[in-house]
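Report on the structure
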Amino acid sequence: DQKHKRIDPALSQDPSDGNEPIEYLEGIKGYTDYLAENGYVCGLSGKWHLGHSVKPQKSFDMWFPCQYGGGAYYATPMIKDGQPYVENSGYITDVITDKALGFIDQHAGNKPFYLSVHYTAHHSPLIDNHPQDLVDSYDDCGFPSIPRLPIRDEATWKPFPEPETEEWKESLKGYFASITAVDMNVGRILEKLKERGIDENTLVIFTSDNGFSCGHHGFWGKGNGTRPLNMYENSVKVPAVMSHPGKIPRGYVQPAIVSAYDFMPTLLDYLSLPLPDNLPGQSFLPALLGKEDTAREN
């Protein structure tokens, strides 16, 4: 498949091709580096998308990244044992989870661990790339939450389906099937934590890097990957669900305005680890614990 053979400057290991590998975070200390220094074993399964995917980075002991930010859900380009390869064992959302479950089995009860599970869903392709039973489960869905707006002229840099067409319906079925698969696999991870008896001693965080439009405002895609570029709420607002029984209030919704920049200082603060100087974000630990609304200062 030629699309799996494209040259990616973040992946290439051959400087002679003019595409030297780029390590986007080179020289920058990540929160996993601080965790590793304090006795945590760190694992990554899934999307990395921060450059030079072949090279294990940021103190991750388990390194099972995708070659690219997205791609096919079957026959997916991945990295294993320091080499690019095509994963042919199944649906990539399941494969990423399988690797994560193995990491939990290996380290549960042995030493503290940090595990990043980064799914590629719901990136394209949306059609003919997801388990058929999940796709078929949306056959009778009318998708009432999806607006019926004509695609904007400036959005035509990439072909998007017009509302109520067959391609529109099939794209939405694939989109929601991919999310359903993520829901099911997050459930598998939570069940594994219970099975290993560590569910009440584990902080679980579910979040994302950006929102997405399915015809909203007349385009499909994320705010910084569409035409027009935008900061609509559905582009910049993401889920941030955190659970730790006995420590984080159950069922509590915090209205404080926070940013992805705040993730690192909050996590280190939560673990009572020293906060580095000059971080761009700030800890929202009090808000997380339901003590007060700590709105951003700037």
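Overview of the structure. The structure presented is a predicted model; accordingly, all values stated were derived computationally and were not measured.

Strand order in the open sheet made by the 3 strands is E2-E1-E5, with parallel pairing throughout. The open sheet has two free edges, formed respectively by strand E2 (60-65) and strand E5 (113-118), since each of these has just one partner strand. Averaged over all pairs of adjacent strands, the angle between their axes in this sheet comes to 5 degrees, without regard to strand direction. Sheet topology note: the strand E1 (residues 41-46)/E2 ladder contains 5 bridges and is parallel. Looking across to E2, one finds that leucine 44 is bridged to tryptophan 63.

Turning our attention to helix H2 (residues 92-107). The end-to-end C-alpha separation of H2 is 23 Å, in line with the 22 Å expected for 16 residues at 1.5 Å each. Every buried residue of H2 is listed here: Ile92, Thr93, Val95, Ile96, Thr97, Ala100, Leu101, Phe103, Ile104 and His107. Tucked into the core, H2 has its buried residues touching E1, E2, strand E3 (76-80), strand E4 (83-87), E5 and helix H4 (166-195). Looking one or two residues beyond H2, the residue adopting positive phi is glycine 109, at roughly 85 degrees.

In this section: the pairing of E4. Pairing of E3 with E4, which is carried by 5 bridges, proceeds in the antiparallel orientation. Each bridged residue has a counterpart across the sheet, and for isoleucine 79 the counterpart in E4 is proline 84. In textbook terms, the turn of a hairpin is the stretch between consecutive antiparallel strands, and for E3 and E4 this stretch comprises 2 residues, one of which, aspartate 81, has a positive phi near 55 degrees.

Moving on: the side chain of lysine 173. Mapped onto the secondary structure, lysine 173 falls in helix H4. The exposure class of lysine 173 is buried, given its relative accessible area of 7%. Here aspartate 139 takes part through its side chain, which lies 2.6 Å from a polar atom of the side chain of lysine 173. Look past the residues within four positions of lysine 173 in its chain and what remains in contact with it is Val135, Tyr138, Asp139 and Phe143.

Turning to the environment of glutamine 83, a few remarks are in order. With respect to the helices and strands, glutamine 83 occurs in strand E4. On the accessibility criterion, glutamine 83 (48% relative accessible area) is partly exposed. Linking glutamine 83 and valine 54, residues 29 residues apart in sequence, is a C-alpha distance of 6.5 Å.

Below, the discussion takes up the nonpolar core. Ranked by size, the top nonpolar core spans 28 residues in total, and within it Met78, Ile92, Phe103, Ile104, Phe113, Leu115 and Ile198 carry the most contacts. Of all elements in the fold, only E2, H2, E5, helix H3 (132-136) and H4 reach the threshold of two or more residues within this core. In terms of residue count, H2 provides more of this core than any other element does, 7 residues in total. With residues near it in sequence (within four places) discarded, leucine 115 still touches Gly43, Met62, Ala100, Phe103 and Ile104. Ranked by size, the runner-up nonpolar core spans 13 residues in total, among them Trp48, Trp63, Tyr114 and Leu267.

Looking now at the packing of H2 against H4. Helix-helix packing is described using two parameters, namely the angle between the two axes and the distance between the axes. As a packed pair, H2 and H4 sit with axes 10 Å apart at the nearest point and diverge in direction by 10 degrees. Classified by the angle between their axes, H2 and H4 sit roughly parallel to one another. Along the contact surface, H2 presents Thr93, Asp94, Thr97, Asp98, Leu101, Ile104 and Asp105, while H4 presents Ala181, Val182, Asn185, Arg188, Ile189, Lys192, Leu193 and Glu195. A per-class count over the contact of H2 with H4 returns 6 nonpolar, 3 polar and 6 charged.

Attention now goes to the packing of aromatic side chains. Under the criterion given, the structure shown has 15 aromatic pairs. Measuring from centroid to centroid gives 6.3 Å for tyrosine 138 and phenylalanine 143, while their planes differ by 20 degrees, and the two rings are stacked. With relative accessibility at 3%, the residue phenylalanine 143 sits in the buried group. A centroid spacing of 6.5 Å and a plane angle of 80 degrees characterise the contact between phenylalanine 143 and tryptophan 168, whose relative ring orientation is edge-to-face. Of this pair, phenylalanine 143 sits in the loop between H3 and H4 while tryptophan 168 sits in helix H4, and the two are 25 residues apart along the sequence. For the pair phenylalanine 143 and tryptophan 168, a shared accessibility class is recorded, and that class is buried. In this structure an aromatic cluster arises from ring pairing among Tyr138, Phe143, Trp168, Tyr175, Phe176 and Phe212. A cation sits over an aromatic face here: lysine 29 above tyrosine 34, 4.4 Å from the ring centre.

Quick notes on the rules
Residues numbered from 1 in each chain as written. Predicted model: local features only at pLDDT ≥ 70, side-chain atom pairs only at ≥ 80, totals over all residues. Heavy atoms only, no water. Pairing = 2+ DSSP bridges. Helix = DSSP H or I, 4+ residues; strand = E, 2+ residues; numbered from the N terminus. Axes fitted to C-alpha atoms, helices over the stretch in contact; angles between N-to-C directions. Expected span 1.5 Å × (residues − 1). Buried < 20%, exposed > 50% of the residue type's maximum accessible area, 1.4 Å probe, protein only. Contact = heavy atoms within 4.5 Å. Polar contact = N/O pair within 3.5 Å; in protein donor to acceptor, adjacent residues only side chain to side chain. Core = buried A, V, L, I, M, F, W, Y, C linked by side-chain atoms within 4.5 Å. Parallel < 35°, antiparallel > 145°, perpendicular 65-115°, else oblique. Nonpolar A, V, L, I, M, F, W, Y, C, P; charged D, E, K, R; others polar. Phe/Tyr/Trp six-rings, centres within 6.5 Å; stacked < 30°, edge-to-face > 60°. Lys NZ or Arg CZ within 6 Å of the ring centre and 35° of its normal.

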